[in-house]
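Chain by chain, the residues:
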Amino acid sequence: MSPGSGEEIRVDVEGRTLKLSNLDKVLYPRTGTTKGEVLNYYAQVSPAMLPLLKDRCATRVRWPNGVEKQSFFEKNIPPGTPKWVRTAEVPTTGSRAQASGRTRNGDTLVFPIIDDLATLTWLANLAALELHVHQWTVTRAGRPQKANRLVIDLDPGDGAGLHECCQVALLVRDKLAERNLETEAVTSGSKGLHLYAALQPRLDPDESTALAKEVAEELAKEHSRLVTATMTKSKRSGKVFLDWSQNAGSKTTLSPYSLRGRELPTVATPVSWDEVDVGAQDPLGLEQFRFEEVLERLAGEH
């Protein structure tokens, strides 16, 4: 069923009643992708995505009128949030306070936690195309814990692309392996790659940030023509910026399997190291994936 603009339907999602509206509204004009298709994508990808969102506070980027119109970031839960949505109230003051639960001035944010399909569907209906999460988690009671993963965002400058990111990803993987960390790769859905490594034991975000910065600076010295650890955009030309800063307690990274609010409905997509290796050798060996391709990839794994 696809109601016309402004119409609303009620659906049952795992025992929760949700009101879905404007399912035929086009959110990606270039491809004609509608809100209904976005909702369907998130429903189908949820078995793979929800475990990666588990216990993480979610910042959303919403495009209520489609990706060619204005968007806005949203951290706090919006008015009208269903009472059954799991939330966590966390301090806003810096990485150490974020992870420990301490705060200097008492300011807090109330985030939603996306731990079920109903919450994911509710947010998708609000045109929350992008779902960003921290590297730390919260307990069932909502208390922030230390980071349980490290992330390095590979961001290509002008004259570089996914090909160069794949080359750098292999270097990062080796550096983290020297530190007994196993790395996984995810296309960013935009231009680059996100690299994740599980942290056991957990680290304070200040510590994980320092570790990521150390790796970035080592590679920038050893491969200065290809890698930079400097945020200044004018110094990124032809290089890949290793963004280590997303490990800070207040920073977030686009969740794997999240859509992007770009011209095309691309997705942050987990990829194998074999695929990264092909991308490192062939400039056309790896490209960003659209949501239909992601669903096909997941179907092929079963």
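Located above this text is the structure these notes cover.
Residues numbered from 1 in each chain as written. Predicted model: local features only at pLDDT ≥ 70, side-chain atom pairs only at ≥ 80, totals over all residues. Heavy atoms only, no water.

> Outline the packing of aromatic side chains, supporting the account with residue identities and numerical values.
Considering all chains together, one arrives at two aromatic pairs under this definition. When the ring centre of Trp273 is taken as origin, the NZ or CZ atom of Arg173, which lies over that ring, is 4.7 Å away. A cation sits over an aromatic face here: Arg297 above Phe289, 4.3 Å from the ring centre. (Phe/Tyr/Trp six-rings, centres within 6.5 Å; stacked < 30°, edge-to-face > 60°. Lys NZ or Arg CZ within 6 Å of the ring centre and 35° of its normal.)

> Which residues make up the sheet that holds strand β16 (residues 253-254), and what are the values?
Strand order in the open sheet formed by four strands is β6-β5-β9-β16, with antiparallel pairing between adjacent strands. Unpaired on one side and paired on the other, β6 (72-74) and β16 mark the two borders of the sheet. The pairing of strand β5 (residues 58-62) with strand β9 (residues 128-133) spans five bridges and is classified as antiparallel. Residue pairing for β9: Arg62 is matched across the bridge by Ala128. (Pairing = 2+ DSSP bridges. Helix = DSSP H or I, 4+ residues; strand = E, 2+ residues; numbered from the N terminus.)

> Run through the nonpolar core, naming residues and quoting values.
One finds Tyr41, Tyr42, Val45, Leu154, Val172 and Leu242 to be the most contacted residues of the largest nonpolar core, which totals 74 residues. Not counting the four nearest positions on each side in its chain, Tyr42 is found in contact with Met49, Leu117, Leu120, Ala124, Ala128, Leu129, Leu131, Tyr257, Ser258 and Leu259. The next biggest cluster of nonpolar side chains, apart from the first, holds eight residues, and it includes Cys57, Ala88, Phe111 and Trp136. (Core = buried A, V, L, I, M, F, W, Y, C linked by side-chain atoms within 4.5 Å. Buried < 20%, exposed > 50% of the residue type's maximum accessible area, 1.4 Å probe, protein only. Contact = heavy atoms within 4.5 Å.)

> Describe helix α5 (residues 205-222), naming the residues involved and giving the relevant values.
The first and last C-alpha atoms of α5 sit 26 Å apart over 18 residues, in line with the 26 Å expected at 1.5 Å per residue. For α5, the full list of buried residues reads Pro205, Ser208, Thr209, Leu211, Ala212, Val215, Ala216, Leu219 and Ala220. Of the residues that open α5, the one with a side-chain oxygen 2.8 Å from the backbone nitrogen of Asp206 is Asp204. (Expected span 1.5 Å × (residues − 1). Polar contact = N/O pair within 3.5 Å; in protein donor to acceptor, adjacent residues only side chain to side chain.)

> How would you summarise the pattern of salt bridges if you had to cite specific residues and measurements?
Considering all chains together, one arrives at 16 salt bridges under this definition. For the salt bridge of Asp55 with Lys54, the shortest nitrogen-to-oxygen distance reads 4.0 Å. In this structure Asp55 comes out as buried when scored by relative accessible area, which is 16%. Residue classification places Lys54 among the partly exposed positions, given a relative accessible area of 48%. For the salt bridge of Asp55 with Arg86, the shortest nitrogen-to-oxygen distance reads 2.8 Å. Here Asp55, found in the loop between α1 (35-53) and β5, pairs with Arg86, found in the loop between β6 and β7 (87-91); they are 31 residues apart in sequence, far enough to count as distant. The pair formed by Asp55 and Arg86 is uniform in burial state, with each residue classed as buried. Here the salt bridges share partners, and the residues they tie into one network are Lys54, Asp55, Arg86, Asp115 and Arg140. (Salt bridge = Lys/Arg side-chain N within 4 Å of Asp/Glu carboxyl O.)

Read these as geometric descriptors, not functional statements.
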